Amino acid sequence: MSADALVSPAAPALIAPCSPLRLGVLASGSGTNFAALAAAIANGELPATLQVLIYNNPKALVAERAQQWQIPSVLLNHRHYNSRESLDAAIVETLKTYDVEWVVMAGWMRIVTPVLLNAYPQRVINLHPSLLPSFRGLHAVEQALAAGVKITGCTVHLVEEAVDSGPILVQAAVPVLAEDTPATLHARIQRQEHHILKQAIAHLAAAHSLSR
Ligand SMILES: Nc1nc2c(c(=O)[nH]1)N[C@@H](CN(C=O)c1ccc(C(=O)N[C@@H](CCC(=O)O)C(=O)O)cc1)CN2
Ligand SMILES: NCC(=O)N[C@@H]1O[C@H](COP(=O)([O-])[O-])[C@@H](O)[C@H]1O
């Protein structure tokens, strides 16, 4: 058991050959999870393709990572739309343009609406830096520190309209150390996020190939 985690999921095993899942990633941050997905796909660990990155913040580092991995990226800044629904309509149009079948939110910091969820029913997953249902919403790492928990973690769940409340797919627990700051705890959580996001997609790919 690594020092990073109390329950460290095994790396996703190679799964039976199947037609690759066509993924679209929504992100607004540093893009470490995007990069972990791109690397896993490039080394054949995941039967998936990254069709497009949609990012919300023009300064987000994730855009540079998409360029490094030669993956198409589209900036959709919520400030340029007068409603959540109009932003989501632009997201759906972009996802359809790039033939996306599964949507991965990895640091997408906007609440999405039925406009997106109805276009991709049960096909949107989100990565959250806590053990849901604890610490929903923004600043989950800070919430865990403020609550004084000794164990937190991360979750991949299906996205529903109610925020961070959809069916849980994969979780990993992470110890909270006495000397932790939000940055040190988030870094420990993120090391597990990279595992569970790949694990979740590997399971979706396996289930998807059986249903085809
Ligand atoms: N309908 C849903 N939308 C989203 C979900 C979900 O489960 N259902 N998951 C979130 C991801 N997320 C936490 O994991 C999260 C992101 C953002 C917010 C939020 O309150 N955002 C504010 C804006 C904050 C900002 O711009 O800094 C907002 O949208 O008004 C809550 C939870 C992604 N979306
Ligand atoms: N509420 C949503 C939320 O907080 N998401 C978090 O954003 C980070 C993105 O990191 P990354 O850009 O390095 O992948 C991740 O830690 C993810 O859990």
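The structure contained in this document is the topic of the report that follows. (Residues numbered from 1 in each chain as written. Chains lettered and ligands numbered in written order. Predicted model: local features only at pLDDT ≥ 70, side-chain atom pairs only at ≥ 80, totals over all residues. Heavy atoms only, no water.)

**Digging into the overall build of the protein chain**
Okay, so step 1: Assigned secondary structure in the protein chain consists of six helices and seven strands.
Okay, so step 2: Seen in sequence order, the protein chain has helices and strands lined up from the N terminus as β-α-β-α-β-α-β-α-β-α-β-β-α.
Okay, so step 3: Taken along the three principal axes of its C-alpha coordinates, the protein chain extends 50 × 45 × 30 Å.
Okay, so step 4: Expressed as a percentage of its 212 residues, the buried residues of the protein chain come to 50%.
Okay, so step 5: For the protein chain, the share of sequence-separated contacts (at least 6 apart) that also reach a separation of at least 24 residues comes to 67%.
Okay, so step 6: In the protein chain, 14 side chains carry a positive charge and 15 a negative one; their mean positions are 1 Å apart. (Helix = DSSP H or I, 4+ residues; strand = E, 2+ residues; numbered from the N terminus. Buried < 20%, exposed > 50% of the residue type's maximum accessible area, 1.4 Å probe, protein only. Contact = heavy atoms within 4.5 Å. Lys, Arg positive; Asp, Glu negative; His and termini not counted. Charge placed at Lys NZ, Arg CZ, Asp CG, Glu CD.)

**Details of the layout of surface pockets**
Okay, so step 1: Looking at the largest pocket, its volume works out to about 830 Å³.
Okay, so step 2: What lines the largest pocket is a set of 37 residues, and nearest its centre among them are Gly-107, Trp-108, Met-109, Pro-129 and Leu-138.
Okay, so step 3: Of all the secondary structure elements, the ones that give two or more residues to the lining of the largest pocket are α1 (32-42), β5 (124-128), α5 (140-147) and α6 (182-211).
Okay, so step 4: Counting residues per element, the lining of the largest pocket draws most heavily on α6, which supplies four residues.
Okay, so step 5: When its residues are assigned to classes, the lining of the largest pocket shows 16 nonpolar, 14 polar and seven charged. (1 Å grid on protein atoms, 1.4 Å probe; cavity = no way out; pocket = protein on both sides within 12 Å on 5 of 7 lines; lining within 4 Å. Points joined across faces, edges and corners; volume = space filled by probe spheres on them. Nonpolar A, V, L, I, M, F, W, Y, C, P; charged D, E, K, R; others polar.)

**Some words on α1**
Okay, so step 1: In terms of burial, α1 is a largely internal element, nine of the 11 residues being buried.
Okay, so step 2: Within α1, burial applies to Thr-32, Asn-33, Phe-34, Ala-35, Ala-36, Leu-37, Ala-38, Ala-40 and Ile-41.
Okay, so step 3: Summarising the contacts, the buried residues of α1 are in contact with β1 (21-27), β2 (48-55), α2 (61-68), β4 (102-105), β5 and α6.
Okay, so step 4: Note on α1: the residue one or two positions beyond its end, Gly-44, has a positive phi of about 80°.

**A look at the site of ligand 1**
Okay, so step 1: Near ligand 1, the surroundings consist of 18 residues, among which Arg-84, Arg-110, His-128, Glu-160 and Asp-164 are the closest.
Okay, so step 2: Within the contact set of ligand 1, an oxygen atom lies 3.0 Å away from a side-chain nitrogen or oxygen of Asn-126.
Okay, so step 3: Taking His-128, its side chain carries an N or O atom lying 2.7 Å from an oxygen atom of ligand 1.
Okay, so step 4: In isolation ligand 1 has 710 Å² of accessible area, and contact with the protein removes 81% of it.
Okay, so step 5: Of the pockets mapped on this structure, ligand 1 occupies the largest pocket.
Okay, so step 6: For the shell around ligand 1, a count of residues per class yields nine nonpolar, four polar and five charged. (Near = heavy atom within 4 Å. Polar contact = N/O pair within 3.5 Å; in protein donor to acceptor, adjacent residues only side chain to side chain. Areas by Shrake-Rupley, 256 points an atom, 1.4 Å probe, with all protein chains shown as cover. Sits in = over half its atoms within 2 Å of the grid points.)

**Details of the nonpolar core**
Okay, so step 1: With 40 residues, the main nonpolar core has Leu-23, Leu-50 and Ile-201 as its most contacted residues.
Okay, so step 2: Considering every element that reaches this core, the biggest residue donor is α6, with nine residues.
Okay, so step 3: Setting aside residues up to four positions removed in sequence, Ile-201 forms contacts with Leu-21, Leu-23, Leu-37, Leu-46, Ala-48, Val-104 and Ile-125.
Okay, so step 4: Counting residues in hydrophobic clusters, the runner-up holds 20 residues, among them Leu-95, Val-112, Leu-117 and Val-124. (Core = buried A, V, L, I, M, F, W, Y, C linked by side-chain atoms within 4.5 Å.)

**A short note on the sheet that holds β2**
Either a parallel or an antiparallel arrangement is found when strands of a sheet pair, and the pairing is made through backbone hydrogen bonds.
Okay, so step 1: Pairing in this open sheet of seven strands is mixed, and the strands run β3-β2-β1-β4-β5-β6-β7 from one edge to the other. At either end of the open sheet lies a strand with only one pairing partner, and these are β3 (73-75) and β7 (168-175). Across the sheet, the mean angle separating the axes of adjacent strands is 20° when strand polarity is ignored.
Okay, so step 2: As judged from the seven bridges shared by strand β6 (residues 151-158) and β7, these two strands associate in the antiparallel manner. Pairing of Thr-155 across the sheet is with Gln-171, part of β7. (Pairing = 2+ DSSP bridges. Axes fitted to C-alpha atoms, helices over the stretch in contact; angles between N-to-C directions.)

**With respect to the pairing of β4**
Okay, so step 1: With burial as the criterion, each face of β4 is covered, one bearing Trp-102 and Val-104 and the other bearing Val-103 and Met-105.
Okay, so step 2: Sheet analysis places β1 next to β4, joined by four bridges and oriented parallel. Note on β4: the bridge partner recorded for Leu-26 is Met-105.
Okay, so step 3: Relative to β5, β4 runs parallel, the two sharing three bridges. Among the inter-strand pairings, Val-104 is bridged to a residue of β5, identified as Ile-125.
Okay, so step 4: On the question of chirality, the crossover connecting β4 to the parallel β5 by way of helix α4 (residues 114-119) is right-handed. (Right-handed = clockwise from strand over helix to strand, strands pointing away.)

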